[in-house]
Amino acid sequence: MSSKQLRKKFLSFFKKRGHKIVPSSSLLPDDPSVLFTTAGMQQFVPFLTGRITPLYRKACSVQKCFRTDDIEEVGDNFHHTFFEMLGNWSFGDPKAKDGIGDGYFKKEAIKFALEFLLNELGLDKKRLYVTIFKGDKEIPKDTEAKELWIKYGIPKDRIFEFGRKENFWGPTGEVGPCGPCSEIHYDLTGKPCKREDKCAPNCPCGRFIEIWNLVFMEYEKKIDDQKSGIRKYYYELLPQKNIDTGIGLERLTAVVQNKRSSYDTDLFSPIGRELENLVGGTMSDSFFNRKEVRIILDHIRAICFLISDGVLPSNVEQGYILRRLLRRIIRYGNTLNLGQKSLINLAKKVVSVYKDTYPELSKKENDILTIISSEYEKFSKALERGLRQFNKLISKIPSNETGISGKQAFELYTTYGFPLEFTKELASERGIRIDEKGFYKELEKHKAISGKGREKKFGGHGLGEARVFSKEDEEKIKRLHTATHLLHQALRDVLGNQVKQMGSDITPERLRFDFSYPKKLTSEQIEKVEKIVNEKIKENLPVKVEEMKLERAIESGALGFFRAKYPEIVKVYSIGSYSKEICAGPHVSHTKELGEFKIIKEEASSAGVRRIKAVLKKV
Ligand code: SER
């Protein structure tokens, strides 16, 4: 079965069981506290916490995901940066009578999973093992799941109990929905390692592979940081029980196609063959087992997808990760003599393999090729010089104890563009230590990652990406920022108070505002919102700021939707008596400074979330 058929089979299996097929959301999530979409559930967070009533009770998707944790693991059989996750969900209490259909919980989730693996994919039941949460001080043991697995035919001796690390999932950020989980593992070899009886799921020998994670999402992790800045976390039962599941498509494909690694499946093999042609390799298993080959294949795919979702190489946040991947691929490519033109051809191959499933790759093909090309031009020369400098440095290190100093690592970063992790990798290949703390001290000194970057996380307005803006651009951003507050209030006036800010990003050219709302806005609604904002601008309302305790700000009716992330004392900005919001600022002093407000785009951002882009014209 091909990976294309597998995606289709999964979605149609759940569609037949009353699930709505929801398209993948972007790799850049609405939640400003996390860098990337790392799981299928992220676009559904408001449905999982019960803060927004969903339009459908059950959903399924194939979600694009990106995990930075695994960058260093890439090269083994199954770890990837970019991957696709198949998932099915039930939001809310199965017995809720709110007119949007039945949901389900543990029993059905387990039954569906087994039905799909055994009846649809024909996997051998004897090779399936499961794990359950063994319980701890805060969350009880999941005996219910254990009994259900037994009921559905998994023998007791193939059910294993684990703790937090393995069998409690989430949240994706600091706080949010989470819960105990049960994982289905597949026995790849049927042969225990030297540990014999102890060779069970999660054994490091590689005999088992986790294929499906079923999360029984009935908790929310919260933060209580009111007192003395000490952050205390606690778990609360959600008002509803949810199901959140995820299968890594790459792994499942390997199991179904009976391959040892994802690189041998049809998700990678056409790209692998292209690479082999480009570098004049010989078609052999050993080529695909080479670490540098696997890194190139993983990273080229991730790079194409990141760029197609709008990431540009930079020195902060998502852009930094993209740059790291690009520089890493150039370095490993060098060892195979993979030049600029070949790298471009490899990217073209990725687009051609994935474009039917993800049309955004074709649409952004030009951007993908241009960005890879220009990063190659910028970095390949610096790489040569930097490697010479690196070798010079290490030849002078008196002993392994001394290692590379923070200052030296920082110089490699600023002069030759070696990200810290890159130098670390080079050093560790030669068994040399590196003073990371020293590196960060230097970084602080140079303010390369500015405090403004952090402001973004608290203020939630996406201000101050650590780019350097001209004075003029800063003024433009300030005006758009004040306009964002007016827009937020106007949306609530026109669409109702269910509108909540879900994210915001401001560049000197435009504002982008994500908010919870289940439907496309009509043109009348858009016009109304524009009209209100422009009226408020003409009224020349004064913008005032006050500092107060968070609790008092909330009591006074100030809008603030990133509550868990606010500090104890917050700034509250009021625009006349029209808008009041917790925000880090800065803002203009009177609304007339804004000019004319115009909405240029209204579109879906993810399930239940709309996105507006707007500009200000000078009048
Ligand atoms: N959220 C869970 C995971 O990422 C299940 O989808 O594993």
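Since we're looking at a predicted model, the values are computed, not measured.

1. A look at the sheet that holds strand β13 (residues 569–575)
One open sheet holds the three strands; their spatial order is β12-β13-β14, and the pairing between them is antiparallel. The open sheet has two free edges, formed respectively by β12 (543–549) and β14 (579–582), since each of these has just one partner strand. This sheet shows a mean twist of 25° between the axes of neighbouring strands, independent of strand direction. With seven bridges joining them, β12 and β13 adopt antiparallel strand pairing. Bridge pairing links Glu547 to Lys571 in β13.

2. As for the confidence of the model for the protein
It should be kept in mind that the predicted coordinates are not to be read in detail where pLDDT is low. Overall, the prediction assigns the protein a mean pLDDT of 88, with 92% of residues at 70 or greater. In the predicted structure, residues 448–466 sits below a pLDDT of 50 and forms 55 contacts with residues beyond four places in sequence or in another chain.

3. A few points about the nonpolar core
The biggest cluster of nonpolar side chains holds 113 residues, and the ones touching the most others in it are Leu117, Trp149, Trp212 and Ile372. Setting aside residues no more than four positions away along its own chain, Ile372 makes contact with Ile300, Ile303, Ile307, Leu326, Leu343, Ile344 and Ala347.

4. Observations regarding the sheet that holds strand β11 (residues 511–516)
Strand order across the open sheet formed by four strands is β10-β11-β16-β15, with antiparallel pairing between neighbours. Of all strands in the sheet, those bounded by a partner on one side alone are β10 (501–506) and β15 (596–606). Across the sheet, the mean angle separating the axes of adjacent strands is 20° when strand polarity is ignored. In the sheet, β10 pairs with β11 via five bridges, with the strands oriented antiparallel. Looking at β11, one finds that Gly503 is bridged to Asp514. Sitting on the sheet, helix α18 (residues 471–495) touches β10, β11, β15 and β16 (609–617), and the angle it makes with β11 is about 30°.

5. Side note on the packing of helix α1 (residues 3–16) against helix α3 (residues 106–120)
Their axes nearest at 11 Å, the elements α1 and α3 cross at an angle of 130°. Judged on the interaxial angle alone, α3 and α1 are oblique. The chirality of how α1 crosses α3 is right-handed. Two secondary-structure elements touch here, α1 through Lys9, Phe10, Phe13 and Phe14 and α3 through Phe112, Glu115, Phe116 and Glu120. Looking at the contact of α1 with α3 residue by residue, the class counts come to five nonpolar, no polar and three charged.

6. Considering the packing of aromatic side chains
Each pair of aromatic rings is reported with the distance of its centres and the angle of its planes. Throughout the structure, instances matching the rule amount to 35 aromatic pairs. Each residue in the set Phe10, Phe13, Phe14, Tyr104, Phe112, Phe116 and Trp212 is aromatic and connected to the rest through ring pairs, giving one cluster. It is Arg164 that lies over the ring of Phe168; its NZ or CZ is 4.6 Å from the centre. Here the guanidinium or amino end of Arg331 rests over the ring plane of Phe422, the centre of that ring lying 5.8 Å away.

7. A word on the pairing of strand β4 (residues 128–133)
Counting buried residues in β4 gives six out of six residues, a clear majority hidden from the surface. The two faces of β4 match: Leu128, Val130 and Ile132 on one face and Tyr129, Thr131 and Phe133 on the other face are all buried. Sheet topology note: the β4/strand β7 (residues 176–187) ladder contains four bridges and is antiparallel. Of the residues in β7, the one forming a bridge with Thr131 is Glu183. Where β4 meets strand β5 (residues 159–162), four bridges bridge the pair, whose relative direction is parallel. Residue pairing for β5: Phe133 is matched across the bridge by Phe162. Read from β4 through helix α4 (residues 143–151) to β5, the crossover connection turns out right-handed.

8. As for the site of the ligand
Around the ligand, a shell composed of Ala39, Met41, Arg67, Met85, Trp169, Asn213, Val215, Asp244, Thr245 and Gly246 is seen. The contact in question runs from an oxygen atom of the ligand to an N or O atom on the side chain of Asn213, over 3.0 Å. For the ligand, an oxygen atom lies 3.1 Å from a polar atom in the backbone of Thr245. The protein chains hide 96% of the 230 Å² of surface that the ligand would expose on its own. Of all the secondary-structure elements, those providing two or more residues to the shell around the ligand are β8 (208–224) and β9 (232–248). When the residues that make up the shell around the ligand are grouped by side-chain class, the tally is five nonpolar, three polar and two charged.

9. Let's talk about the pattern of salt bridges
Where charged atoms of side chains with opposite charge meet at close range, the side chains can pair. Scanning the model with the defined rule gives 39 salt bridges in all. A salt bridge links Arg301 to Glu250, with the shortest nitrogen-to-oxygen separation between them at 2.9 Å. With Arg301 in helix α9 (residues 291–308) and Glu250 in helix α6 (residues 249–256), this residue pair connects regions lying 51 residues apart in the sequence. Judged on exposure class, the residue Arg301 and its partner Glu250 are both buried. The closest approach of N and O atoms between Arg290 and Glu292, which form a salt bridge, is 3.1 Å. The structure contains a network of salt bridges with shared partners spanning Arg328, Arg331, Glu425, Glu429 and Arg430.

The rules behind these values
Residues numbered from 1 in each chain as written. Predicted model: local features only at pLDDT ≥ 70, side-chain atom pairs only at ≥ 80, totals over all residues. Heavy atoms only, no water. Pairing = 2+ DSSP bridges. Helix = DSSP H or I, 4+ residues; strand = E, 2+ residues; numbered from the N terminus. Axes fitted to C-alpha atoms, helices over the stretch in contact; angles between N-to-C directions. pLDDT = per-residue confidence, 0-100. Contact = heavy atoms within 4.5 Å. Core = buried A, V, L, I, M, F, W, Y, C linked by side-chain atoms within 4.5 Å. Buried < 20%, exposed > 50% of the residue type's maximum accessible area, 1.4 Å probe, protein only. Parallel < 35°, antiparallel > 145°, perpendicular 65-115°, else oblique. Left-handed = near helix turned anticlockwise from the far one by under 90°. Nonpolar A, V, L, I, M, F, W, Y, C, P; charged D, E, K, R; others polar. Phe/Tyr/Trp six-rings, centres within 6.5 Å; stacked < 30°, edge-to-face > 60°. Lys NZ or Arg CZ within 6 Å of the ring centre and 35° of its normal. Right-handed = clockwise from strand over helix to strand, strands pointing away. Near = heavy atom within 4 Å. Polar contact = N/O pair within 3.5 Å; in protein donor to acceptor, adjacent residues only side chain to side chain. Areas by Shrake-Rupley, 256 points an atom, 1.4 Å probe, with all protein chains shown as cover. Salt bridge = Lys/Arg side-chain N within 4 Å of Asp/Glu carboxyl O.

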